[in-house]
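Descriptive analysis of the structure
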Amino acid sequence: MTSGTSRSAAFLPQRVAILGSARSGRALASALLDRGIEVTVGDSRSESELEGVEELRRRGARFFFDGPSDAFLEGAGLLALSPGVPLTATLVRTAQSRGLPVLAEFEIAWRIAESEVMGQNRWVAVTGTNGKSTTTAWIADVLGRAGRPVALAGNIGVPLSAYLSDRSPRDFVCELSSFQLETVEEFSPDVAVLTNVTPDHLDRYAGFEDYARAKERVFAKQELEDYAVVNADDAVARRARPRARRVPFSRRQPVEGGAWVEGRVLVSAVAGGRREVISLEELALPGAHNVENALATICAADCLGTPAEAIRESLARFRGLPHRMELVAEAGGVRWVNDSKGTNVDATKKSLEGFPPGTVILILGGRDKHGDFASLGPLAARTARRILTIGEAAETVEGALTGQVELERSGTMADAVARAAEIARPGDTVLLSPACASFDQYRNFEERGSHFSTLAREAARGGLARHGS
């Protein structure tokens, strides 16, 4: 085994079982094989459905497909979980009954990174229901503009394990989901950010409080000298009482030692004193939700002593992420906006904020995550001229919103976009913000958003011809 300290050697057993062979599982398997650790990989899917099997098998990994039996765990000293595997899975319970540690891929990768680089990394962890991906990427952009070596990792798309081949110290900016936080034990970020906590994934949790507690675990192992950045406008984030130094942000009122909106200016007192950072008009990303994301970014950057010039430059120039209020087409006075990442009701509410009355054709639906669609009613009634429903949740959405806004069932994305193109008029925005998961018709929200974007561009080209533009 090649490791930086005896702690790494003590932590890693001779054999690790990895449950789930998507990106995180494969990246961890590769990193462990690099360190001389025997690896077994189990997955509920068949071999034909998976990528990267042959390469890992050539390097010595053993695979168990089609819902592995208990034999998958034989000889293992640790069970590593990919983020999508619930703690209620049978093999997880079997491992726990045998006394095996059960840890997230992220936790294992963090321990390896810290032991081999001797604690020279800086760690930023971002979690929350909405805004965490944009905030994570925005913080990374700020640090990069300040000249720091930055690694963007975690739930945002690149597993932390994928960075373990490079042992140089860096700023790791990591997005963490509630699923990942369920099985972290010692992870202790220098800066932890909680953007907000609203009902989501209630198909996986017993209730909202269980989900909220999973999010709050991001603060659990921080030290007194660390920083806990919390949204003072959010009930769950506001109640957090971490050991670390509490740094609040608010778009509604001034907050002590944090960042807030004063008039039309974002202000920070994180580093002491009061500093005007940037005006709302200069922010690169529009919308109330992006004001919150910007405030969280300011707090995290100031906690790490980032130069004010780099913070301001990033806030003014950052272009955002795909599938998050992304303008993908515009023609004939009609805008087409891809917000496929709006996978819960609260995200869709925030996306609707700021639109003029009666100007939105909203595409809503997918796989229901037990969302409170009725709470969308007042805002949808004000902003949406028509709602086109798609996917498994169409009937549920219609049951919750009938009588408040005009509804029409489309079923598929192609039908919804075609219908939107027929009824859209100059000044309208066709908005995909589905308030649902994508798994009824797509592999993930990215595939759903890409499909919408392709269809929207085709519709817009038709619109150009129709309006003679």
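Below is a short write-up of the structure. All of these numbers come straight from a predicted model, not from anything done at the bench.

1. Brief notes about unusual backbone geometry
- Of note, the phi angle at Asp 66 is positive, near 55°, even though the residue is not glycine.
- With respect to the helices and strands, Asp 66 occurs in the loop between strand S3 (62-64) and strand S4 (79-81).
- For Ala 435, which is not glycine, the phi torsion reads 60° and is therefore positive.
- Secondary-structure assignment places Ala 435 in the loop between strand S20 (429-432) and helix H16 (445-467).

2. Side note on the packing of helix H6 (residues 132-145) against helix H10 (residues 288-303)
- Two elements in contact, H6 and H10, have axes whose closest approach is 9 Å; the angle formed by their N-to-C orientations is 45°. When the axis of H6 is compared with that of H10, the two are oblique. Regarding H6 and H10, the two cross each other, and that crossing is right-handed. Seen from H6, the contacting residues are Thr 134, Thr 135, Trp 138, Ile 139 and Val 142; seen from H10, they are Asn 290, Asn 293, Ala 294, Ala 296, Thr 297, Ala 300 and Ala 301.
- Among the residues forming the contact of H6 with H10, the class breakdown is 7 nonpolar, 5 polar and no charged.

3. Regarding the side chain of Thr 343
- Within the fold, Thr 343 resides in the loop between strand S16 (334-338) and helix H12 (345-352).
- Residue Thr 343 is classed as buried on the basis of its relative accessible area, which comes to 12%.
- Excluding its chain neighbours within four sequence positions, the residues that come into contact with Thr 343 are Asp 200, Lys 369, Ala 435, Cys 436, Ala 437, Phe 445 and Arg 448.

4. Details of the pairing of S20
- Residues of S20 alternate between two faces, with Thr 429 and Leu 431 on one and Val 430 and Leu 432 on the opposite face, all of them buried.
- The pairing of S16 with S20 spans 4 bridges and is classified as parallel. Among the inter-strand pairings, Val 337 is bridged to a residue of S20, identified as Leu 431.

5. A word on the packing of H6 against helix H11 (residues 308-317)
- Taken N-terminus to C-terminus, the directions of H6 and H11 make an angle of 130°; their axes are 8 Å apart at the nearest point. Overall, the two elements H6 and H11 adopt an arrangement that is oblique. Handedness of the H6/H11 crossing: right-handed. Contacts from Trp 138, Asp 141, Val 142 and Arg 145 of H6 reach H11 at Ala 310, Ile 311, Glu 313, Ser 314, Leu 315 and Arg 317.

6. Comments concerning the pattern of salt bridges
- Using the criterion set out here, one finds 40 salt bridges in the structure.
- Here the residues in one salt-bridge network are Arg 386, Glu 406, Glu 408, Arg 419 and Glu 422, joined through shared partners.

7. Observations concerning the environment of Arg 386
- By secondary structure assignment, the location of Arg 386 is in strand S18 (residues 384-390).
- Distance in space between the C-alpha atoms of Arg 386 and Asp 166 is 51 Å, their sequence separation being 220 residues.
- For Arg 386, the side chain forms a polar contact with the side chain of Glu 406, separated by 3.1 Å.
- Polar side-chain contacts of Arg 386 include one of 2.7 Å to the side chain of Glu 408.

Conventions we followed
Residues numbered from 1 in each chain as written. Predicted model: local features only at pLDDT ≥ 70, side-chain atom pairs only at ≥ 80, totals over all residues. Heavy atoms only, no water. Helix = DSSP H or I, 4+ residues; strand = E, 2+ residues; numbered from the N terminus. Axes fitted to C-alpha atoms, helices over the stretch in contact; angles between N-to-C directions. Parallel < 35°, antiparallel > 145°, perpendicular 65-115°, else oblique. Left-handed = near helix turned anticlockwise from the far one by under 90°. Contact = heavy atoms within 4.5 Å. Nonpolar A, V, L, I, M, F, W, Y, C, P; charged D, E, K, R; others polar. Buried < 20%, exposed > 50% of the residue type's maximum accessible area, 1.4 Å probe, protein only. Pairing = 2+ DSSP bridges. Salt bridge = Lys/Arg side-chain N within 4 Å of Asp/Glu carboxyl O. Polar contact = N/O pair within 3.5 Å; in protein donor to acceptor, adjacent residues only side chain to side chain.

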